[in-house]
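Report on the structure
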Amino acid sequence: MRFLSMIRVDETTGQRPSERLMRDMGQLIDEMTRQGVLVSTAGLRPSAEGVRIHLRGGKLSAVDGPFTESKEVIGGFAILEAKSRQEALELVQRFLRIHGEEWDIECELRQLDGPA
């Protein structure tokens, strides 16, 4: 089964990953990739560089970021391959723990539909 983990962050804090966190994250990504449980992952650029596209009543509109009405935004994602929801949950918990006590983030975990 494949799962999508979406990492929610508060962009207003200005918090950036330390060199230690980037190193530890790189090691975890390498390990999970070798194990075959990490399919893909990436951090996202700030919402100020993004755009939201809406379809309402058959009409398209676009709004450039930043999106001030949103305190938390998706800061990154991971696509995981796991035998169960519980296994996927444990993988996400490993990812969150690596951030230590100085981070306040959350992940939303959802199973993907369709063929793998």
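Worth saying up front: this structure is predicted, and the values here are computed from it rather than measured.

**Details of the overall build of the chain**
- Counting its regular elements, the chain contains two helices and six strands.
- In sequence order, the chain lays out its α and β elements as β-α-β-β-β-β-α-β.
- Residues classed as buried in the chain amount to 26% of the 116 residues present.
- Contacts in the chain between residues far apart in sequence, at least 24 positions, make up 74% of those at least 6 positions apart.
- For the chain, the computed accessible surface area is about 8200 Å², with 51% contributed by carbon and sulfur atoms.
- Each charge sign in the chain was given a centre, from 16 positive and 19 negative side chains, and these centres are 4 Å apart.

**Here's the deal with the pattern of salt bridges**
- Following the criterion strictly, the structure yields nine salt bridges and no others.
- Between Asp24 and Arg23 there is a salt bridge whose closest N-O contact spans 3.9 Å.
- Notably, a salt bridge pairs Glu49 with Arg45, separated by 2.9 Å at the nearest N-O pair.
- Looking at Arg45, the relative accessible area reads 62%, which means it is exposed.

**Overview of unusual backbone geometry**
- Cis geometry is adopted by the peptide bond preceding Pro66, which originates at Gly65 and carries an omega value of 5°.
- With respect to the helices and strands, Pro66 occurs in the loop between β4 (59–64) and β5 (72–81).

**Considerations on the confidence of the model for the chain**
- With 99% of its residues at a pLDDT of 70 or more, the chain shows a mean pLDDT of 93.
- When mean pLDDT is compared element by element in the chain, helix α2 (residues 85–97) scores highest at 97, while β5 scores lowest at 93.

**A closer look at α2**
- With 13 residues, α2 extends 18 Å from end C-alpha to end C-alpha; this agrees with the ideal 18 Å at 1.5 Å per step.
- For α2, the complete set of buried residues consists of Ala88, Leu91, Val92 and Phe95. Projected down its long axis, α2 shows its buried positions confined to an angular sector of 95°, all on one face.

**Things to note about the environment of Gly100**
- The topology assignment puts Gly100 in the loop between α2 and β6 (106–111).
- Accessibility expressed as a relative area gives 35% for Gly100, which makes it partly exposed.
- For the pair Gly100 and Leu21, spaced 79 residues apart in the sequence, the C-alpha separation amounts to 8.7 Å.

Rules used throughout
Residues numbered from 1 in each chain as written. Predicted model: local features only at pLDDT ≥ 70, side-chain atom pairs only at ≥ 80, totals over all residues. Heavy atoms only, no water. Helix = DSSP H or I, 4+ residues; strand = E, 2+ residues; numbered from the N terminus. Buried < 20%, exposed > 50% of the residue type's maximum accessible area, 1.4 Å probe, protein only. Contact = heavy atoms within 4.5 Å. Areas by Shrake-Rupley, 256 points an atom, 1.4 Å probe, with all protein chains shown as cover. Lys, Arg positive; Asp, Glu negative; His and termini not counted. Charge placed at Lys NZ, Arg CZ, Asp CG, Glu CD. Salt bridge = Lys/Arg side-chain N within 4 Å of Asp/Glu carboxyl O. pLDDT = per-residue confidence, 0-100. Expected span 1.5 Å × (residues − 1). Arc of directions from axis to C-beta.

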